[in-house]
Amino acid sequence: MAKAKRYRLAEIVERFGGELVGDGHIPISGVATLESATREQIAFLAHGKYRKQLEATEAGAVILGHSDRGLTDIPRIACDDPYLFFAKVSALFNPPVAPKSGVHPAATIEDGTQVPASASIGAGAYIGRGVSLGNGVVIGPGCCLGDGVVIGADSRLHARVTIYAGCRLGKRVEVHSGVVIGADGFGLAMEQGRWRKIPQVGNVIIGDDVEIGANSCIDRGALDDTVVEEGVKIDNLVQIGHNVRIGAHTAIAGCTGIAGSTRIGQYCKIGGAASIVGHLDIADHVIILAAAVVTKSIRKPGTYSGHPAEDSRDWALHTANLRRLSAGRGLPQNMNNRLSLREKKA
Amino acid sequence: MAKAKRYRLAEIVERFGGELVGDGHIPISGVATLESATREQIAFLAHGKYRKQLEATEAGAVILGHSDRGLTDIPRIACDDPYLFFAKVSALFNPPVAPKSGVHPAATIEDGTQVPASASIGAGAYIGRGVSLGNGVVIGPGCCLGDGVVIGADSRLHARVTIYAGCRLGKRVEVHSGVVIGADGFGLAMEQGRWRKIPQVGNVIIGDDVEIGANSCIDRGALDDTVVEEGVKIDNLVQIGHNVRIGAHTAIAGCTGIAGSTRIGQYCKIGGAASIVGHLDIADHVIILAAAVVTKSIRKPGTYSGHPAEDSRDWALHTANLRRLSAGRGLPQNMNNRLSLREKKA
Amino acid sequence: MAKAKRYRLAEIVERFGGELVGDGHIPISGVATLESATREQIAFLAHGKYRKQLEATEAGAVILGHSDRGLTDIPRIACDDPYLFFAKVSALFNPPVAPKSGVHPAATIEDGTQVPASASIGAGAYIGRGVSLGNGVVIGPGCCLGDGVVIGADSRLHARVTIYAGCRLGKRVEVHSGVVIGADGFGLAMEQGRWRKIPQVGNVIIGDDVEIGANSCIDRGALDDTVVEEGVKIDNLVQIGHNVRIGAHTAIAGCTGIAGSTRIGQYCKIGGAASIVGHLDIADHVIILAAAVVTKSIRKPGTYSGHPAEDSRDWALHTANLRRLSAGRGLPQNMNNRLSLREKKA
């Protein structure tokens, strides 16, 4: 990230809204945490429980919620969502730095592929035949793109990404190092004691504004395509099996695995190291907590956890009650009131 | 995958067997799902429960089980195992496309390594000294092979695979992008407050017809070798520790980890995201379900799941009974009859 | 690993201590397991329970504990810690083989980066601007180092490692193939139905003598740095989120995920496939067993396991008691005595 220019606190409020409290003339040259901020930096208070750090901070200014505005005398911006506000301010001071456009002499571009003048192709990158690259595309060093791959405008592949033949990425997609898109799905049939491979002839289709974390894998479909809809955010070391569909704006934390043909709804949040077995349907707006093992379809929005996964309140209750029962203590008196409707009906 | 030629339905039956029902003259040019098939494509019905899709399909022909032959009037092939039959038909229409033979000018081949005329070495590949490559081998762009590596005939490494020095792959092995074979096992001894590394001087030996999914890792042995026997199929993001031995024709789904020195039998099926601790013995024909945590050796064929793993029927019963007990409901009357023999004896 | 010279058994004792029992003149040319050792190799007995293998071994000499010295007549070295002793002997016979120094002609070094004469840069490696490389550094083929990266003396990156811009590694760090250091942390804020990315502007700082296994990922910090202290050992396919701090000499086994902002103490041992959620504090000397799901901070040294993780004795007891309760058998009589203090107080 390159160093950006300075802004006065009042200029930041002009740009992004919020309420200025205190001296708007102070100059800000960057963002930092409450603990490490210096006089020219702006920090943020995500939650009132961090007020101790707020008291000790040397930050020149602070972003906080309206209800926390009285917690400090430092010049500050009171707003509805300090974390979101901070995200915008941080982006202002830390604009992404794109490499220079042009094709590195140590890159290989096969015949039938045109590179737009605005694109950047890194050293050692290999780009197959008939690849389509949008304007402003950045292909990092060591990337390998198979024949017929399509990369939409302003997408960026960091170093050492593999895209197998025929897969298509939308616009403004960011793919981190080590990602593999379009490897064969795990499709096998047993024949007289030997596995026979099912050809994996679908593709992977990635929508606009998707981000994919380091060393994650998205397999190509067996017949139809594997689809990641627009705005989906995927963390590191995530496995997405063949013919999975991930609904728009769903976020998937690291080490999660989603087995083949499962469909995840829109605006879901899937915690780290979750396991979701194949051929399930997960509704929109479902939250799956870390390490949950999802073995059945989830038809209703809500928060789920456990092994096997269930309503997360029930899982918490059952694990607590197991400890009580195992210790020879009875169940709590009011326990039935705490079971979710779903569980009580069972 | 390249476009293949057309076959009449009767020709497909001639090739692969099965019983032709209806017009054998119709031309077929590819395979597809029931939902997306068009008039010149053949689909398959894996199970009678998908009959709704069968009713709506526009496929020109269908592969189905003998007992489902009456479910449609579409020209069809009735057979014992529709999924396996479909696998063969799909392979007929989607033969693997190998890159042209030859060494890409942007590849590096060190001294003492001969490349057969029938082999293909991709751009940016690095091949160390004294590497042995069989006929028809394909080394994708960006692969790195250490000194003395052996790759058997007709094996294919997709882009960006690493094979450390001395490791040996059999014939017809397929390795997907990002795989690392032969990195050091995790062997450490504590000495006065500091970890001392145990040199990892064994190799990795991979049998014929093995497939390894994207970004999986197979560590070299500490002293003896890590061994993956013939016909083993490994999905993406799987970790296989040092000195593990995987028996022939075992299949391992994605995100599974197998710790050092564990031995897995032949014809096992290991579900996604399973964890198997070190120094265990798993018998032949064992099925381990998704996300199981295997902490003890498994001596008998069967299906296992849970955390810790046990007979999968017991695990299902115990988790169900925990919910009943936690809700203040008693155990079901006939529960003892449902416990496995193993559990009742305990 | 290259072949090393021979040593007489007495020479090994002179070098590393221990008590020589039997003929010290026999020549030793390597290390092996009890099962595979030949007459010129030395094996080790980690535990008396392997005495059967000891009886059958053809090893020329054996390393064993003082209390096991009477189990064999083979020339032997009795010592306090046979495994550690073996580690030293193995290192004697298997010194690491560094590639020749120099820059491979197929590597790319950008302006402003000096390569010491003692360093080795592999084919296809890409090294950005202003990178600092210490003496004796080895950068394997296909590695990609962003601008401003710092690599301390005698560190080694195996093939195909990515280090994003600005990250810093200490001395004698060993990084295995496929590792990604410094990719963006998973930081997102929701704004009117779309995820807005939080710029990840911290770095990753890796201390001296750290080892990182194949395909593991360590994300850069959001504002402050992600820190891995000296002597930490990380296995394969491990995910370390942004702003995590791993204390010195902690060992982390494969497939483990540590979510953002969690702090792990010194000298912890974290089992394979463990999941540790974000924003936790784990004390020094904590042992977390395989597949544990850690959802709360751990303030005391001890051994933890389960889902959710608790004192591992409690977890073992609760899972055993669930089986008893589920089978309609009562709790064991003396069970309360077996509960940990922590649990009984609850």
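The coordinates are above.
Residues numbered from 1 in each chain as written. Chains lettered and ligands numbered in written order. Predicted model: local features only at pLDDT ≥ 70, side-chain atom pairs only at ≥ 80, totals over all residues.

**Student:** Can you break down the overall build of chain A residue by residue, with the values?
**Tutor:** Counting secondary structure elements, chain A contains six helices and 39 strands. Dimensions of chain A along its principal axes, counting C-alpha atoms only, are 75 × 70 × 30 Å. Looking at chain A residue by residue over its 346 residues, the buried ones come to 55%. A sequence separation of at least 24 residues applies to 21% of the contacts in chain A between residues at least 6 apart. (Helix = DSSP H or I, 4+ residues; strand = E, 2+ residues; numbered from the N terminus. Buried ≥ 20, exposed ≤ 12 C-beta atoms within 10 Å, placed from the backbone. Contact = placed C-beta atoms within 7 Å.)

**Student:** Please give an account of the packing of helix α4 (residues 312–326) of chain B against helix α4 (residues 312–326) of chain C that cites residues and values.
**Tutor:** Contact geometry for α4 of chain B and α4 of chain C: axes closest at 9 Å, N-to-C directions at 80°. It follows that α4 of chain B is roughly perpendicular to α4 of chain C by the angle criterion. Only L322, R323, L325 and S326 of chain C of α4 of chain C make contact with α4 of chain B, whose side of the interface consists of L317, H318, N321, L322 and L325 of chain B. Residue composition of the contact of α4 of chain B with α4 of chain C, by class: five nonpolar, three polar and one charged. (Axes fitted to C-alpha atoms, helices over the stretch in contact; angles between N-to-C directions. Parallel < 35°, antiparallel > 145°, perpendicular 65-115°, else oblique. Nonpolar A, V, L, I, M, F, W, Y, C, P; charged D, E, K, R; others polar.)

**Student:** Which residues make up the relation of the copies chain A and chain B, and what values go with them?
**Tutor:** Mapping chain A onto chain B leaves a residual RMSD of 0.0 Å; the transformation is a rotation of 120° accompanied by 0.0 Å of translation along its axis. Accordingly, the operation relating the two chain copies is best matched by a three-fold axis. Residue G124 of chain A of chain A places its C-alpha closer to the rotation axis than any other residue of that unit, at 3.6 Å. Looking at chain A, a mere 19% of its interface residues are interface residues in chain B too, so the copies touch through different faces. (Least-squares fit on C-alpha atoms with pLDDT ≥ 70 in both.)

**Student:** Describe the interface of chain A and chain B, with residues and values.
**Tutor:** On the chain B side, the residues contacting the 47 residues of chain A number 48 residues. Of all the secondary structure elements, the ones that give two or more residues to the side of chain A that touches chain B are β21 (188–191), β22 (194–197), α4 (312–326) and α5 (335–338) of chain A. For the side of chain A that touches chain B, the leading source of residues is α4 of chain A, giving five residues.

**Student:** Let's hear about the interface of chain C and chain A: which residues, and what values?
**Tutor:** Chain C puts 48 residues into the contact, and the matching count from chain A is 49 residues. When contributions to the side of chain C that touches chain A are tallied by element, the ones reaching two or more residues are β21 (188–191), β22 (194–197), α4 and α5 (335–338) of chain C. Take the side of chain C that touches chain A: its biggest share by element is five residues, from α4 of chain C. For the side of chain C that touches chain A, the per-class residue count stands at 24 nonpolar, 15 polar and nine charged.

**Student:** Which residues make up the sheet that holds strand β16 (residues 156–157) of chain C, and what are the values?
**Tutor:** All names here are of chain C. One open sheet holds the twelve strands; their spatial order is β8-β10-β13-β16-β19-β24-β27-β30-β33-β36-β38-β39, and the pairing between them is mixed. Of all the strands in the sheet, just β8 (102–103) and β39 (309–311) have a single pairing partner and so form its edges. In terms of strand pairing, strand β10 (residues 120–121) meets strand β13 (residues 138–139) through two bridges, oriented parallel. Looking across to β13, one finds that I121 is bridged to I139. (Pairing = 2+ DSSP bridges.)

**Student:** Account for the pairing of β22 of chain A, naming residues and giving values.
**Tutor:** Residues and elements named next belong to chain A. The sheet contact formed by β21 and β22 spans four bridges and is antiparallel. Each bridged residue has a counterpart across the sheet, and for A189 the counterpart in β22 is R196. In textbook terms, the turn of a hairpin is the stretch between consecutive antiparallel strands, and for β21 and β22 this stretch comprises two residues, one of which, Q192, has a positive phi near 50°.

**Student:** Lay out unusual backbone geometry in plain terms, naming residues and giving numbers.
**Tutor:** Residues and elements named next belong to chain A. Residues H307 and P308 are joined by a peptide bond in cis, for which omega reads 0°. Looking at the element boundaries, P308 is found in the loop between β38 (302–306) and β39 (309–311). One non-glycine residue, H279, adopts positive backbone phi at about 65°. Secondary-structure assignment places H279 in the loop between β34 (275–276) and β35 (281–282).

**Student:** Can you tell me about the relation of the copies chain C and chain A, naming the residues and giving the values?
**Tutor:** Of the transformation placing chain C onto chain A, the axial shift is 0.0 Å and the rotation is 120°, giving an RMSD of 0.1 Å. The share of interface residues of chain C whose copies in chain A are also at the interface is only 19%, consistent with the copies meeting through different surfaces.

**Student:** Help me get a handle on the sheet that holds strand β12 (residues 132–133) of chain C, residues and values and all.
**Tutor:** Residues and elements named next belong to chain C. Across the sheet, eight strands lie side by side as β12-β15-β18-β23-β26-β29-β32-β35; this open sheet has parallel pairing. Of all the strands in the sheet, the pair left with one neighbour each is β12 and β35 (281–282). Inspection of the sheet shows strand β26 (residues 226–228) paired to strand β29 (residues 245–246) by two bridges, in the parallel sense. Residue pairing across strands places V228 opposite I246, the latter belonging to β29.

**Student:** Outline α4 of chain C, listing residues and values.
**Tutor:** All names here are of chain C. Over its 15 residues, α4 runs 21 Å from end to end, which matches the ideal 21 Å to within 8%, given 1.5 Å per residue. Among the residues making up α4, those that are buried are D314, W315, L317, H318, N321 and S326. The buried residues of α4 occupy an angular sector of 165° when the element is viewed end-on, so they sit on one face. At the exit of α4 stands G328, carrying a positive phi of roughly 80°. (Expected span 1.5 Å × (residues − 1). Arc of directions from axis to C-beta.)

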